[in-house]
Every structure is written in C-alpha cells, then in structure tokens.
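# Coordinates in review
One letter stands for each residue in the lines below.
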Amino acid sequence: AATGGVWLQKALKNDIVFVCFGVNDINRMHTAQQIINDIDTIVNTLLCNGKKVVLQTVPPFNYDEEKQTVWNEVNSHIRKIHNNKKIMIFDNVKVLGESSDSPYKAKYGGHPNKEGCKVWAQELYKATKEFVKEGK
C-alpha cells in the first residue's frame, strides 16, 4: 500500500480503512524507520483522499530482543499519532499482549488462536463502533 499499488487502490474504494501492520514487516528485518515511513505514507494518503482510518498497533509476537526494539519504536510512533475526526488508534497490544511487563509476548499465540481472534474482534468492534457511525 505504501508504494501506491493494488492494496492502496482497493483501500481507496472504502469510506473507512483499517490499517494494521503485521509481524512480517518486523520479521523481514525492516528497520523501525522504514515501517514508520510506510505507515505515515499510507495514513496520509488515505486521509488526503477523505478516508477515515483505524490504525492498529503491531500485534505481539514473542519477539527476540532486536525485534522487540523495532516493535516498541513502531508502536510508540503509532500511539503518538494525534487522533482527529478522521483517524482512530486501536492499541491491540492491550488485548493481545501477555502482560504489562511483557507486552511483546503474545497471550494467544503469535498468530492469535480462535479465542484471541474473538477477543481482538470484540474489542476492536467496541472501540470503533462510534467512530464508524460518525459522519453517516
């Protein structure tokens, strides 16, 4: 999506776009700055095209120390993006992380199991319910 390809073209056909970078971006050894640049490009493009954006943090995945650093930097950046009427931040780490002491550890497995997916979906729905309704 950050390169303006097919994913972005599909996203631009929607009124509301959910953006969630996955662990593959970190596991492919992208730097935190590369991932942050991609996030900013995608979000700014969507906002400039009048879309509402739900931006999620990168989920926990039992990262090693080096990848934890990247994960922390990226999620810190996401959490600092200012909310306005067109963007909402959903911190899925609070739902999927093992504990506040080890938030990068996946409570429901690296790819959330059935229970984790259900909890994630329920919390995401609750958090976005009003945001999605606004402007209709």
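Before reading further, recall that the structure is shown in the block above.
Everything numeric here is computed off the predicted structure, so don't read it as measured data.

In this structure the tally under the stated criterion is 1 cavity of 30 Å³ or more. Within the lining of the largest cavity, the residues separate by chemical class into 6 nonpolar, 2 polar and 1 charged.

So, on to the pairing of strand S1 (residues 16–20). Judged by which residues are buried, S1 turns out to be one-sided: Val-17 and Val-19 face inward and are buried, whereas Ile-16, Phe-18 and Cys-20, on the alternate face, are not. In the sheet, S1 pairs with strand S2 (residues 52–56) via 5 bridges, with the strands oriented parallel. Residue pairing across strands places Cys-20 opposite Gln-56, the latter belonging to S2.

For the rest of this paragraph, the subject is the sheet that holds S2. Here 3 strands make up an open sheet; going across it, the order is S1-S2-S3 and the pairing parallel. In this open sheet, the two edge strands, each paired with only one partner strand, are S1 and strand S3 (87–90). When the angles between neighbouring strand axes are averaged without regard to direction, this sheet yields 20°. In this sheet, S3 lies alongside S2 in parallel orientation, the contact comprising 4 bridges. Bridge pairing in S3 links Leu-55 to Ile-89. Of the strands in this sheet, S1, S2 and S3 are in contact with helix H3 (residues 32–48), which crosses S2 at around 160°.

What counts and what doesn't
Residues numbered from 1 in each chain as written. Predicted model: local features only at pLDDT ≥ 70, side-chain atom pairs only at ≥ 80, totals over all residues. Heavy atoms only, no water. 1 Å grid on protein atoms, 1.4 Å probe; cavity = no way out; pocket = protein on both sides within 12 Å on 5 of 7 lines; lining within 4 Å. Points joined across faces, edges and corners; volume = space filled by probe spheres on them. Nonpolar A, V, L, I, M, F, W, Y, C, P; charged D, E, K, R; others polar. Buried < 20%, exposed > 50% of the residue type's maximum accessible area, 1.4 Å probe, protein only. Helix = DSSP H or I, 4+ residues; strand = E, 2+ residues; numbered from the N terminus. Pairing = 2+ DSSP bridges. Axes fitted to C-alpha atoms, helices over the stretch in contact; angles between N-to-C directions. Contact = heavy atoms within 4.5 Å.

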